Amino acid sequence: MKVLVATPAGWWGFSHQYPLAMLKLADELRARGHRPTIYHYVAHYPIHVARESIAYKAVAEGYDYVVWLDSDVAPERPELLAEAVDLLLPIAVGVYVERSGEATDLAVERGGRLVALRPEDLPPNAMVRVDAAGMGCAVTAREVFERLERPWFDWTFDPTTGEGYGEDRYFFLKAKRHGIPTVALTQLRCIHSVVRDLTLG
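A. Quick look at the pattern of salt bridges. Scanning all chains against the criterion turns up 18 salt bridges. When the shortest N-O distance is used, the salt bridge between Asp27 and Arg30 registers 3.1 Å. Separated by three residues within a single helix, Asp27 and Arg30 lie in helix α1 (residues 18-31), roughly one turn from each other. Between Asp121 and Arg118 there is a salt bridge, with its nearest N and O atoms 3.2 Å apart.

Given below as structure tokens:
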């Protein structure tokens, strides 16, 4: 299959594990008979614009799958991200644990709100249906974007009220509303090295 391995590179920088993970991922995809193209979308646009542009490229150029690997994320075992392509799921995601260690990036809707799953909620080596996740370690089929109207990604989160969602949550919830499931692969563990806040003085 034709696979776009995409990174929306931006101001948030790179984890030191990322370059090696990217190379190992590309090698593993080739070993499985796929035709990967590594694509870094380097621009100072907001993250939702970067992801939208990557998805548009995938649709316009006929890629079968997009493998999303953010520059501040690295899978502990990159070969598992390649395996996720072979599962032929519409959307598959890895798991990264938040810095506190008390929650993951995975979430389910309860009472109209997203609730983060805890690490202990996830059985090992399992496929778990979720309603939202992080996009930094994920696989999406082109057909998902073909089924959904644009924008596929948008930033609706308002930090003054806490309402709305980041671009990844927006996408996953839109997919859910259209009956497209998101499956978390609990064995696909990802390291998320982003520093959320920096206070000086």
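There is more to say after this.
B. Structural view of the packing of α1 against helix α3 (residues 78-86). Interaxial distance between α1 and α3 falls to 8 Å at its minimum, and their mutual angle equals 40°. With respect to α3, the axis of α1 lies oblique. When the axes of α1 and α3 are compared, the crossing they make is right-handed. Contact with α1, carried on its side by Ala21, Lys24, Leu25, Glu28 and Leu29, involves Pro78, Glu79, Leu81, Ala82 and Val85 of α3 and no other residues of that element.

C. Molecular detail of the confidence of the model for the protein chain. On average, residues of the protein chain score 89 in pLDDT, and 91% of them are at 70 or above. Confidence scores differ between elements of the protein chain, with strand β4 (residues 73-75) showing the lowest mean pLDDT of 86 and helix α4 (residues 142-147) the highest of 98. Within the model, pLDDT remains below 50 along residues 195-201, and this stretch shows two contacts once partners closer than five positions in the same chain are excluded.

D. Highlighting unusual backbone geometry. Residue Pro151 is reached from Arg150 by a cis peptide bond, and omega for that bond is 0°. In this fold, Pro151 is placed in the loop between α4 and α5 (167-177). With a phi close to 60°, Leu88 is a non-glycine residue in the positive phi region. Tracing the chain through its elements places Leu88 in the loop between α3 and β5 (91-95). Despite not being glycine, Asn125 has its phi angle at roughly 50°, a positive value.

E. The pairing of strand β9 (residues 137-141), seen in detail. Summarising burial for β9: five of the five residues are buried, a large majority. A two-sided burial pattern is seen for β9, the buried positions comprising Cys137, Val139 and Ala141 on one face and Ala138 and Thr140 on the other. Sheet topology note: the strand β3 (residues 65-69)/β9 ladder contains five bridges and is antiparallel. Bridging from a neighbouring strand, Trp68 pairs with Ala138 of β9. Of the pairings in the sheet, the one linking β5 to β9 comprises three bridges and is antiparallel in character. Bridging from a neighbouring strand, Val93 pairs with Ala138 of β9.

F. Main features of α1. For α1, with 14 residues, the first-to-last C-alpha span of 20 Å sits near the 20 Å given by 1.5 Å per residue. Here α1 has its buried residues at Tyr18, Ala21, Met22, Leu25, Ala26 and Leu29. The arc that holds the buried residues of α1, viewed along the axis, is 130°, so those residues lie on one side. Exposed side of α1, more than 90 degrees from the buried face: Leu20 and Ala31 are the residues found there. In this structure, the buried side of α1 is in contact with β1 (2-7), β2 (35-40), β3, β4 and α3. One or two positions beyond α1, positive phi appears at Gly33, with a value near 90°.

Procedures and definitions
Residues numbered from 1 in each chain as written. Predicted model: local features only at pLDDT ≥ 70, side-chain atom pairs only at ≥ 80, totals over all residues. Heavy atoms only, no water. Salt bridge = Lys/Arg side-chain N within 4 Å of Asp/Glu carboxyl O. Helix = DSSP H or I, 4+ residues; strand = E, 2+ residues; numbered from the N terminus. Axes fitted to C-alpha atoms, helices over the stretch in contact; angles between N-to-C directions. Parallel < 35°, antiparallel > 145°, perpendicular 65-115°, else oblique. Left-handed = near helix turned anticlockwise from the far one by under 90°. Contact = heavy atoms within 4.5 Å. pLDDT = per-residue confidence, 0-100. Buried < 20%, exposed > 50% of the residue type's maximum accessible area, 1.4 Å probe, protein only. Pairing = 2+ DSSP bridges. Expected span 1.5 Å × (residues − 1). Arc of directions from axis to C-beta.

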